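Architecture and fold: a report
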Amino acid sequence: MPAQPRPRRRSRLRRRGAVAGAAEASEAEPSRGAAAMAGPGAAEDAFLTFYNEVKQIEKRDSVLTSKNQIDRLTRPGSSYFNLNPFEVLQMDPEATDEEIKKRFRQLSILVHPDKNQDDADRAQKAFEAVDKAYKLLLDQEQKKRALDVIQAGKEYVEHTVKEKKKQLKKDGKPPTVEEDDPEVFKQAVYKQTMKLFAELEIKRKEREAKEMHERKRQREEEIEAQEKAKREREWQKNFEESRDGRVDSWRNFQANTKGKKEKKNRTFLRPPKVKMEQRE
């Protein structure tokens, strides 16, 4: 009997936590494999059990509660997890502006510090993350950049899958990879996208630090030039103020020098020298 097609999912996984939860449910996979060996009917029942477990996990993790959202937005590594605005708002990249606006309202109310006064500090951080993501998606240029990063992550995974299948075919093996599973593929895209966002953020911080250093250097040069100009103005001012004193000093010096010269140049009459007469 041919394998039955998997039921089509009616809702998308809005959260990465749901994907992680699906991994928890995959523990039922060994029993499903054993059931497949027992017979087609048992395999189909095992698969339906597994699928129902996944849907239950999705439903559990999709509940919008203040605590869950604050935990999600402030978890360790959130500074990088929250770089993707669509992930912060739990929206698909294809979401419309109206859908994004609606989700922002929901999340901002849930995590607002005034609504979570018993955990105000973390609520404030969560609210800032939601607000920042929403404002970024309001800017069409910033939104396009985010979409470009997500598209680049998807294309990278697609290229990787293609290369894997090519190598398998070359080795004479069935060209089947784990990314053929839509959820595994989606998780791979998520990881690659997060990596790209993190790399861009690191480059942005490095560029910002370089620009800050350059601004600091220019400011120091400006201060040094201002201080030098100030010293020159003060020297010029003192020079002008002391000009009369220098002129008087010079005149006195000249007068004293002239008097000394006149005294030195005085001559006195001296008797002529007598030349002794020599006798023959």
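The following refers to the structure shown.

Criteria and thresholds
The residue count restarts for each chain, going from 1 along the sequence in the order it is written. Restriction of local features to residues with pLDDT of at least 70 applies here, the model being predicted, together with a cutoff of 80 or more for giving and counting side-chain atom pairs; totals for whole chains, interfaces and linings are based on all residues. Side-chain metrics rest on all non-hydrogen atoms present in the structure, leaving aside hydrogens and water. The working definition used for a salt bridge is a side-chain nitrogen of Lys or Arg within 4 Å of a carboxyl oxygen of Asp or Glu. Numbering of helices and strands starts at the N terminus; helices are DSSP runs of H or I of at least 4 residues and strands are runs of E of at least 2. Summary of the burial criterion: residues with accessible area below 20% of their type's maximum are buried, those above 50% are exposed, and those between are partly exposed, where the area comes from a 1.4 Å probe applied to protein chains only.

Side chains that differ in sign of charge can pair as their charged atoms come close. Under the criterion given, the structure shown has 16 salt bridges. A salt bridge links K164 to E179; the shortest N-O distance between them is 3.1 Å. Of this pair, K164 sits in helix α9 (residues 140-170) while E179 sits in the loop between α9 and α10 (182-241); the two residues are 15 residues apart in sequence, bridging distant segments of the chain. For K164, a relative accessible area of 34% gives the class partly exposed. The buried category is assigned to E179, whose relative accessible area is 11%. E214 is the salt-bridge partner of R217, the closest N and O atoms lying 2.4 Å from each other. Of this pair, R217 and E214 are both found in helix α10, three residues apart, which corresponds to roughly one turn of the helix. The network of salt bridges with common partners includes K67, D71, D119 and R122.

What follows deals with unusual backbone geometry. Even without glycine at this site, Q90 takes up a positive phi of about 55°. Within the element layout of this structure, Q90 appears in the loop between α6 (85-88) and α7 (97-111). In this structure Q90 comes out as buried when scored by relative accessible area, which is 3%.

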